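Given next are the chains, with one letter for each unit.
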Amino acid sequence: MHNYLTPNFAFAEMIPDHGLGSRVWSTDNHEYVDLAGGIAVNALGHCHPALISALDAQAHKLWHISNLYTTKPAQALAQRLVEHTFADQVFFANSGAEANEAAFKLARKYARDHFGDGKNEIVACVNGFHGRTLFTVSVGGQPKYSQDFAPLPSGITHVPFNDAEALRAAVNGRTCAVVIEPIQGESGVLPASAEFLETARAVCDEHHALLVLDEVQTGMGRTGKLYAYQHYNVTPDIVSSAKALGSGFPIGAMLTTAKVGASFTPGSHGSTFGGNPLACAVGCAAFDIISQPETLQRVNEQGEKLAAALRAIAQDTGAFEIVRGKGLLIGCVLADAYRGRAGELVGKALQHGLLVLVASPNVLRLAPSLLLSDEDLNEGMTRLRAAVADFVAA
Ligand SMILES: *Cc1c(COP(=O)(O)O)cnc(C)c1O
């Protein structure tokens, strides 16, 4: 098929046509088990009936009206987010990067409003990922995503992830925000230690800086709690959410307290499509399923089964050194002999009818539907086993 798109994506040869639950069919009618979940987006699998009917009902009422007005779906989704988290207020965007862009802008404005001009520095993590706008690639800790787009926004420093001492040393009176992913998703499914997040909270308090947690990947039930910060003894000032928030419909959100949110005065920030009624209606339907205790319980159960199955594959083949993550966000770190070859393994999996992901060149990542059935889990593992056998024999 001729590719009319700019070449920044390396598309697979297979062209997906339709999906149902945790299965996807290509245009040439091959069937795949989907353990990639659209990169942690399709939290309820493909074509969940509750999402289809929410989208259909809203499609017959109101698609778009602009932020000159509020709507019932936007207020209903914001209310759900507020009632289940630390937050009092929500700003809606269309993506994770936009939710983070809002978070970083708000952190700078809040500091300026309360402490004057000198307090504008952001401390973030090496290998962090926060999206692809210029501000978010700059706060992200991977120069390969930012260096070609210089000059970059300034006032941003990076500390090694999980290095509490380095974090303590980097934060000072000029710091307006510390930005952390509770699990570094793109760069290897690496969970933050309790010590690191607790230190972040403590140094932010000490220096009147805001703790911003990027939960774009870890949010909406992915780790077995609604948001991953809820596993820790830490309350953030701002959380960004996207990916699974619309479970396949584009939407992002920035959650914050009333005190911090007050700095987003009328006209200070905005978005044409943010809070779009279609996105928010789908978000409400997704939220109502994901937030059920039975769903979150199931994430923990299926996550344990999946991790156990992956550890068994590791044991039998020697392909993986460790299996890590939380709930249904799992990374398999390749053994030394296979370093840098995660992309090749994803290709082999595709040949065996399985969709999985990389998270850096060394880590195979799984982020399936939160409703993953035993049957799909087992079939996925059978196919992965076959792919790994090919991979280690190659
Ligand atoms: C995916 C991701 C983003 C970017 O989200 P987009 O919707 O692609 O802009 C930001 N932060 C984290 C942690 C992510 O995983």
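Along each chain, residues carry numbers from 1 onward, in the same order as the chain's sequence is written. pLDDT decides what is reported in this predicted model: residues at 70 or higher carry local features, side-chain atom pairs at 80 or more are listed and counted, and totals for whole chains, interfaces and linings draw on all residues regardless. Hydrogens and water molecules were not included; the side-chain quantities draw on all heavy atoms of the structure.

K.L.:
Could you give an account of the site of the ligand, naming the residues involved and the relevant values?
P.N.:
In the vicinity of the ligand, the contacting residues are Ser95, Gly96, Ala97, Asn100, Phe129, His130, Gly131, Glu181, Asp214, Val216, Gln217 and Lys243. At 3.2 Å from a nitrogen atom of the ligand is found a main-chain nitrogen or oxygen belonging to phenylalanine 129. For the purposes of these results, a polar contact is taken to be a pair of N or O atoms within 3.5 Å, where, inside protein, one atom must be able to donate a hydrogen and its partner to accept one; residues adjacent in sequence count only when each atom of the pair is a side-chain atom. Within the side chain of lysine 243, one N or O atom sits 2.6 Å away from an oxygen atom of the ligand. For every accessible area listed, the method is Shrake-Rupley and the probe measures 1.4 Å; residues are considered covered only by the protein chains on display. Within the complex, 81% of the 380 Å² of free accessible area of the ligand lies under protein. With 3 residues, the top contributor of residues to the shell around the ligand is helix α4 (residues 96-115). Side-chain classes are defined by residue name, with Ala, Val, Leu, Ile, Met, Phe, Trp, Tyr, Cys and Pro counting as nonpolar, Asp, Glu, Lys and Arg as charged, and the others, Gly among them, as polar. Its residues assigned to classes, the shell around the ligand comprises 3 nonpolar, 6 polar and 3 charged. Residue proximity to a molecule or strand is established when one non-hydrogen atom of the residue lies within 4 Å of it. Every helix listed is a DSSP run of H or I at least four residues long, and every strand listed is a run of E at least two residues long, numbered separately from the N terminus.

K.L.:
Tell me about a nonpolar patch on the surface, and please be specific about residues and values.
P.N.:
Candidates for patches are residues over 30% relative accessible area with no salt bridge; among them, like charges are joined within 9 Å and nonpolar side chains (Val, Leu, Ile, Met, Phe, Trp, Tyr) within 5 Å. The term salt bridge refers to a pairing of a side-chain nitrogen on Lys or Arg with a carboxyl oxygen on Asp or Glu at a separation within 4 Å. A cluster of nonpolar side chains, namely Tyr4, Leu5, Phe9 and Phe11, defines an oily patch on the protein surface of about 540 Å² accessible area. Inspection of the secondary structure puts phenylalanine 9 in the segment before β1 (16-20).

K.L.:
Give me the sheet that holds strand β14 (residues 329-334): which residues, what numbers.
P.N.:
Two strands form a pair only when DSSP identifies at least two bridges running between them. Taken in spatial order, the 4 strands line up as β13-β14-β17-β16 in an open sheet, and their pairing is antiparallel. Here the strands that pair on one side only, and so sit at the sheet edges, are β13 (320-326) and β16 (357-358). Two strands pair when backbone bridges link them, and β14 and strand β17 (residues 363-366) are joined in this way by 4 bridges, in the antiparallel orientation. Paired with cysteine 332 across the two strands is leucine 364, which belongs to β17.

K.L.:
Explain unusual backbone geometry residue by residue, including any values.
P.N.:
Keep in mind that most residues, glycine aside, have a negative phi and that most peptide bonds are trans. Residue proline 151 is bonded to the preceding alanine 150 through a cis peptide linkage, with omega at 5°. Mapped onto the elements of the fold, proline 151 is located in the loop between α5 (134-139) and β6 (156-159). Backbone geometry at isoleucine 39 places phi at a positive 60°, although glycine is not the residue there. Within the fold, isoleucine 39 resides in helix α1 (residues 37-40). One non-glycine residue, cysteine 47, lies in the positive phi region at around 55°. Note that cysteine 47 resides in the loop between α1 and α2 (49-59). Burial classes follow relative accessibility: with a 1.4 Å probe on protein chains only, a residue under 20% of its type's maximum area counts as buried, one over 50% as exposed, and anything between as partly exposed. Under the relative-accessibility criterion, cysteine 47 is labelled partly exposed at 45%.

K.L.:
Help me get a handle on empty space enclosed by the protein, residues and values and all.
P.N.:
It is a probe the size of a water molecule, rolled over the atoms, that shows where empty space is left. We place a 1 Å grid over just the protein atoms. Points where a 1.4 Å probe fits but has no way out form a cavity, open points with protein on both sides within 12 Å along at least 5 of 7 lines form a pocket, and any residue with an atom within 4 Å of a point lines it. Grid points are joined across faces, edges and corners, and a volume is the space filled by probe spheres set on the points. Across all of its chains, the model carries 1 cavity of 30 Å³ or more by this definition. The space that makes up the largest cavity amounts to roughly 30 Å³. Along its surface, the largest cavity is lined by Gly128, Phe129, His130, Gly131, Thr136, Val137, Gly140, Gly141, Gln142 and Tyr145. Among the residues forming the lining of the largest cavity, the class breakdown is 3 nonpolar, 7 polar and no charged.

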